[in-house]
Amino acid sequence: MTTYDAHNHGMAGLRLMASIREFESKMPELADEGLIRGSTHPSVGMEAVAVGISLALGEEDSIASNHRGHAHCLARGSDPGRTMAEILGRQDGYGQGKGGSMHIGVKELGILGTNGIVGAGIGLATGAALAAKMQNTTAVSVAYFGDGASNQGVLAEALNLAAIWNLPVLFVCENNHYAQSASIEQMVAQPDLAQRGIAYGVHSVNVDGMDLEDVYRAAADAVARGRDGDGPTLIVADTYRYLGHMAGDTEIYRKPDEVQQWRDKDPIARLVATLIEADVLTQERWLEIQAEVSREMDAAEEFARNSPFPDVSTATTDVYQETVA
């Protein structure tokens, strides 16, 4: 059984989750100011999934994300200032402002890229796992995707190949119950999405995506299986986004009382209560952490706002790889 240490995993996870919450809460305001080109998709409420998975990963591992990927990058260790600069299309972003909100990649952190194409990260992470196996490393890869992407054909293909080839990959489905505005009940006849993996011979588990410890334990077990050569794992995390699908979403497809029911399960509040009960955290220290995180994210925003736009002369660079003789 995987060990969960409240002092280590709990406190580190709490700070990361609080940072992501503060970061993501800034997105609607920035979008309203017209500072974000195109769509941006906050994951407020879903922080425990990204953090729980990332706490189980090592430096050699990689992730491939989706359109709602800021939390995955931040949990993996991306700098908040550079991440926000990328979202605002600024020169100091990880892609010099060319990727924007939905296309953030950080090679040195093993972030293979967030992706606006639904389900695209599934194939990328599976390919990374194949590369790791062929190179005889112990690295694992993670594919983040939503319940909507679970209906993309690439998932069926990737699950099948990963099972056949015994690849070290974690398929992480963030089931937030809506694919934009379509509910999970409208999209599938079998709402237990873990059955998808079982059908292909992939070890599959359901977890409470609003509980950091539950996510971490499943992720740590899956990572250990991958490193030991025991193949892929599908983790279906039951979670919920408090905000709309994207900035400016009218949210006419769901009722406020439904959102409130999920807010009552808030992963940060639950973790704080658990840590206080275990005498690992005090209310005073929690208030200090919140203040520290607020200052850090304000500094990240200031950095991003002050970062220049990329020069027009760079518009056609970073398009093609120079030929190597």
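Procedures and definitions
- Residues numbered from 1 in each chain as written.
- Predicted model: local features only at pLDDT ≥ 70, side-chain atom pairs only at ≥ 80, totals over all residues.
- Heavy atoms only, no water.
- Axes fitted to C-alpha atoms, helices over the stretch in contact; angles between N-to-C directions.
- Helix = DSSP H or I, 4+ residues; strand = E, 2+ residues; numbered from the N terminus.
- Parallel < 35°, antiparallel > 145°, perpendicular 65-115°, else oblique.
- Left-handed = near helix turned anticlockwise from the far one by under 90°.
- Contact = heavy atoms within 4.5 Å.
- Buried < 20%, exposed > 50% of the residue type's maximum accessible area, 1.4 Å probe, protein only.
- Pairing = 2+ DSSP bridges.
- Right-handed = clockwise from strand over helix to strand, strands pointing away.
- Phe/Tyr/Trp six-rings, centres within 6.5 Å; stacked < 30°, edge-to-face > 60°.

Q: Tell me about the packing of helix α1 (residues 6–25) against helix α3 (residues 47–54), residues and numbers included.
A: At a minimum axis distance of 9 Å, the contact between α1 and α3 shows a crossing angle of 135 degrees. As summarised for this structure, α1 and α3 are arranged oblique, according to the angle between their axes. The hand of the α1/α3 crossing is right-handed. When α1 is examined against α3, the residues Gly13, Leu16, Met17, Ile20 and Arg21 are found in contact with a partner set consisting of Glu47, Ala48 and Val51.

Q: I'd like a description of the pairing of strand β7 (residues 233–238), backed by residues and values.
A: Looking along a regular strand, one sees the side chains alternate between the two faces of the sheet. The buried fraction of β7 amounts to 5 of the 6 residues, a majority that puts the element mostly inside the structure. Looking at chain direction, strand β6 (residues 203–208) and β7 are connected through 6 bridges and run parallel. From the neighbouring strand, serine 204 faces β7, where its bridge partner is leucine 234. Read as a crossover between parallel neighbours, the route from β6 over helix α10 (residues 212–227) to β7 is right-handed.

Q: Describe the environment of valine 207, naming the residues involved and giving the relevant values.
A: Among the structural elements, valine 207 can be located in strand β6. Under the relative-accessibility criterion, valine 207 is labelled buried at 7%. When the C-alpha atoms of valine 207 and threonine 239 are compared, they prove to be 9.2 Å apart, with 32 residues separating the residues in sequence. When near neighbours in sequence (up to four residues on either side) are disregarded, valine 207 contacts Asp214, Val215, Ala218, Ile235, Val236, Ala237 and Asp238.

Q: Got a sec to walk through the side chain of histidine 41? Specific residues and values, please.
A: Residue position: histidine 41 is located in the loop between α2 (27–32) and α3. Setting aside chain neighbours within four positions, we find histidine 41 in contact with Glu24, His67, Arg68, Ser101, Met102, His245 and Met246.

Q: Residues and numbers for the sheet that holds strand β1 (residues 62–64), please.
A: With parallel pairing, 5 strands are arranged side by side in an open sheet as β1-β2-β3-β7-β6. If you trace the sheet from one side to the other, it starts and ends with β1 and β6, each paired once. Each adjacent strand pair in this sheet contributes to an overall mean axis angle of 20 degrees, direction not counted. Across 6 bridges, the pairing between strand β2 (residues 141–146) and strand β3 (residues 169–175) is parallel. Counterpart to glycine 146 in the pairing with β3 is glutamate 174. In the packing of α3 onto the sheet, the strands contacted are β2, β3 and β7, and the crossing angle to β2 comes to about 170 degrees. Packing against the sheet, α10 makes contact with β3, β6 and β7, and its axis sits at approximately 160 degrees to β6.

Q: So what's going on with unusual backbone geometry? Which residues, and what values?
A: Of note, asparagine 166 is a non-glycine position whose phi angle comes to about 55 degrees, a positive value. Mapped onto the secondary structure, asparagine 166 falls in the loop between α7 (153–165) and β3. Under the relative-accessibility criterion, asparagine 166 is labelled partly exposed at 30%. Of note in this structure, aspartate 279 is not a glycine but carries a positive phi near 60 degrees. Given the relative accessible area of 69%, aspartate 279 is considered exposed.

Q: Tell me about the packing of aromatic side chains, and please be specific about residues and values.
A: Throughout the structure, instances matching the rule amount to 4 aromatic pairs. Ring geometry for tyrosine 4 and tyrosine 216: centres 6.1 Å apart, planes at 55 degrees, overall tilted. Residue tyrosine 4 is located in the segment before α1, and its partner tyrosine 216 is located in helix α10; the two are separated by 212 residues in the primary sequence. As far as burial versus exposure is concerned, tyrosine 4 and tyrosine 216 are alike and both buried. A centroid spacing of 5.0 Å and a plane angle of 5 degrees characterise the contact between tyrosine 240 and tryptophan 262, whose relative ring orientation is stacked. Linking tyrosine 240 in the loop between β7 and α11 (256–263) with tryptophan 262 in helix α11, this pair joins segments that are 22 residues apart in sequence. On the accessibility criterion, tyrosine 240 (0% relative accessible area) is buried. You can call tryptophan 262 buried: its relative accessible area is 10%.

Everything listed is a geometric property; what it means functionally is a separate question.
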